[in-house]
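# Examining the three-dimensional arrangement
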Amino acid sequence: MVGYDPSAPGSALTPEEAALAGSAAGMVTRALISPLDVIKIRFQLQIEQVSWRNRQGKYWGLWQATRCILTEEGLPAFWKGHVPAQLLSVCYGAVQFASFEALTKLVHRKTSYNSQTPGVHFLCGGLAACSATFTCQPLDTLRTRFAAQGEPKMYRNLRHAVGTMFRSEGPFTFYRGLTPTLVAVFPYAGLQFFFYNILKKFLAQQDSKSKGGLHSLVSGSCAGVVSKTLTYPFDLIKKRLQVGGFEQARMQFGQVRTYHGFVDCVVRIGREEGLRGYFKGLSPSLLKAAVSTGFTFFWYEFFINAIVSLKRS
């Protein structure tokens, strides 16, 4: 089970072990879901409506966008920004799960609450994600810039991107979109851990014969879809803010906008694109959330079980 388990004190994880399992889970998952992430980001950054019926923008559907990117930019385009994205996943997974294990252990020892209750997982999951987000935000910004650029590329590699952004936009550009990210990540991650806790226990009660790995995969996928749907607009706003100052590389994709902060972005999206504008890219995002969250919890528990088995032997 994810989180500190008081019923198994002999196999309790250290923060280092949780960080190792979390980073490994993040690395494997990122390699698998990168194409969906690239498509989602392209949809989120498109000003024109993403619709089969009203084909104003460059992209108007999941399969059309896939064919378009493949034809124009080649197969490697689906892994654009993979190096910073992989660094992000490894770093984020390590900080998030190490923090989560430490926080649930602290709650169990310092309060009267059981560390395995859904409410505790919601609170600790949200706080753990906030700490991971603040630590890894520069990598997230770099990942977004790489995934958003077309051909010819504005940034040749990670070193060139860091140097160019620092010189032309200053150090704070790496934290663009941090406010909506923190606002969204607490309930998003909290709900992930909350629903995962509930669903995992429910499936274990209903089907005790199946292996725990299948329960982890199904529970994580469902938890990812629910939490992503409820918090999606914040993710879109974050992506719009992260590409501020990057307008030149976005010209070939259609209209571009420059937003002056979180509130301005919210107001202008609502005024220019309507309510549906806040949910552009939701379809690939939900698919990605199901796969990503499911695999993250699956691989985390897989590596945790491997670590526990090694400790016992």
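Residues numbered from 1 in each chain as written. Predicted model: local features only at pLDDT ≥ 70, side-chain atom pairs only at ≥ 80, totals over all residues. Heavy atoms only, no water.

The next point concerns the overall build of the protein chain. Secondary structure summary: the protein chain contains nine helices and zero strands in total. The linear arrangement of helices and strands in the protein chain, starting from the amino end, is α-α-α-α-α-α-α-α-α. Distance between charge centres in the protein chain, computed from 35 positive and 18 negative side chains, equals 1 Å. (Helix = DSSP H or I, 4+ residues; strand = E, 2+ residues; numbered from the N terminus. Lys, Arg positive; Asp, Glu negative; His and termini not counted. Charge placed at Lys NZ, Arg CZ, Asp CG, Glu CD.)

The next subject is the pattern of salt bridges. Inspection of every chain in the model, using the stated rule, returns 18 salt bridges. A salt bridge links Arg176 to Glu169; the nearest nitrogen and oxygen atoms lie 3.7 Å apart. Its relative accessible area of 24% is what places Glu169 among the partly exposed residues. Its salt-bridge partner being Lys238, residue Asp235 comes within 3.6 Å of it at the nearest N-O pair. Taken together, the positions of Asp235 and Lys238, both in helix α7 (residues 212-242) and three residues apart, correspond to about one turn of that helix. Through salt bridges with shared partners, a single ionic network connects Arg30, Asp37, Lys40, Asp140, Lys228, Asp235, Lys238, Lys239 and Lys288. (Salt bridge = Lys/Arg side-chain N within 4 Å of Asp/Glu carboxyl O. Buried < 20%, exposed > 50% of the residue type's maximum accessible area, 1.4 Å probe, protein only.)

Within the secondary structure, Glu17 is located in helix α1 (residues 15-45). Note on Glu17: relative accessible area 17%, which makes it buried.

A separate point is the UniProt feature "transmembrane region" (unreviewed entry) in the protein chain. In the numbering used here, UniProt assigns the feature "transmembrane region" (unreviewed entry) to residues 177-199. For the annotated span residues 177-199, helix accounts for 96% and strand for 0% of the residues, and the straight-line distance between the end C-alpha atoms is 32 Å. (UniProt positions renumbered as here; feature names shortened; annotations may be inferred.)

UniProt records the feature "repeat: Solcar" (unreviewed entry) at residues 13-106, 120-202 and 211-306, using the numbering of this structure. In residues 13-106, the share of helix is 72% and the share of strand is 0%. The end C-alpha atoms are 13 Å apart.

Position of Gln137 among the secondary structure elements: in helix α4 (residues 118-148). Here Gln137 falls in the buried class, since its relative accessible area comes to 1%. Along the sequence, Gln137 and Gly281 sit 144 residues apart, while their C-alpha atoms lie 21 Å from each other. Filtering out sequence-adjacent residues up to four positions away, Gln137 remains in contact with Phe174, Tyr175, Arg176, Gly177, Leu178, Thr181 and Gln242. (Contact = heavy atoms within 4.5 Å.)

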